[in-house]
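Residue-level listing of the chains:
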Amino acid sequence: MAVSRKPPDLGDFGRADLERLGFVGFIRVKELRALRPIEPTPPKDAVGVYIAYRQSEKPVSFLRRSPASQWRGNLTLPLANLRGRWVPDSSVVYIGKAERLKTTSTYSLRTRVSAYLRYGAGSNARHSGGYPTWQLRDSADLLIAWCVVKLPRTPARLEGDLIDAPVSRFGA
């Protein structure tokens, strides 16, 4: 018999709700990019979930061409597609995870966040998740936050809960 679990209450998916869930950091992309390597945050060997959070009250605006890496080809989306995907009342624009599915994996929050930022800056980093993020005109002002996940929770479960939350909250 499967045990049902209650997903965490994410409230309005705002910063205070994310902090209550354990998210920390909330550092601007442009500030994290200036740190080489991105120390001391996030923790070096920790696994968990990271988000890109847009706190601007200004209407969203998109770039015609993505500045992100082209290692998987040009993933630039048409402006109409981006506008159609946009969830106006949600500040969270990307949710990613860092977990070690194999004991030999080097994935950690630090390596995944670093790859995400380098990919968005046009580097040949192997991270293409969240590629539409980088077409936001104000992507350098996005805040990056992370939540360290420890057993029995898993990064995949927390990521799934966070991805499912906007569906019930915003209908996205």
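Quick summary incoming for the structure in this document. (Residues numbered from 1 in each chain as written. Predicted model: local features only at pLDDT ≥ 70, side-chain atom pairs only at ≥ 80, totals over all residues. Heavy atoms only, no water.)

## What to know about the overall build of the protein
Cut-off, in case you're wondering: Numbering of helices and strands starts at the N terminus; helices are DSSP runs of H or I of at least 4 residues and strands are runs of E of at least 2. The buried label goes to any residue with under 20% of its type's maximum accessible area, the exposed label to any with over 50%, and the partly exposed label to all in between, with areas taken from a 1.4 Å probe on protein chains only. Contacts: residue pairs with any heavy atoms within 4.5 Å of one another. Only the protein chains shown count as cover for residues, and the accessible areas themselves come from Shrake-Rupley with a 1.4 Å probe.
Looking only at helices and strands, one finds 5 helices and 4 strands in the protein. Along the protein, from the amino end to the carboxyl end, the secondary structure elements read α-β-α-β-α-β-α-β-α. Expressed as a percentage of the 172 residues in the protein, the buried residues total 43%. Sequence separation of at least 24 residues holds for 80% of the intrachain contacts in the protein that already meet a minimum separation of 6. Entry remark: accessible area of the protein is about 9,700 Å², with carbon and sulfur atoms responsible for 53%.

## Remarks on the pattern of salt bridges
Put simply, the test is: In what follows, salt bridge is the name for a side-chain nitrogen of Lys or Arg lying within 4 Å of a carboxyl oxygen of Asp or Glu.
The full count for this structure, using the stated rule, is 5 salt bridges. In this structure, K30 and D141 form a salt bridge, with 2.8 Å as the shortest nitrogen-oxygen distance. Residue K30 is located in helix α2 (residues 29–34), and its partner D141 is located in the loop between α4 (109–120) and β4 (143–148); the two are separated by 111 residues in the primary sequence. In this structure K30 comes out as partly exposed when scored by relative accessible area, which is 45%. For D141, a relative accessible area of 31% corresponds to the partly exposed category. Residues D138 and R54 are paired through a salt bridge, measuring 2.9 Å at the closest nitrogen-oxygen approach.

## Here we look at the nonpolar core
This is how the line gets drawn: For the purposes of this section, nonpolar cores are sets of buried Ala, Val, Leu, Ile, Met, Phe, Trp, Tyr and Cys residues that join through side-chain atoms within 4.5 Å.
Core analysis: the biggest nonpolar cluster contains 26 residues, and Y50, Y116, L117, W134 and I144 have the highest contact counts within it. Residue contributions to this core peak at 6 residues, all from α4. Look past the residues within four positions of W134 in its chain and what remains in contact with it is V29, R33, L63, S66, P67, A68, Y116, L117, Y119, G120 and S139. Within the second largest apolar cluster, 16 residues are counted, among which are L21, F23, V92 and V149.

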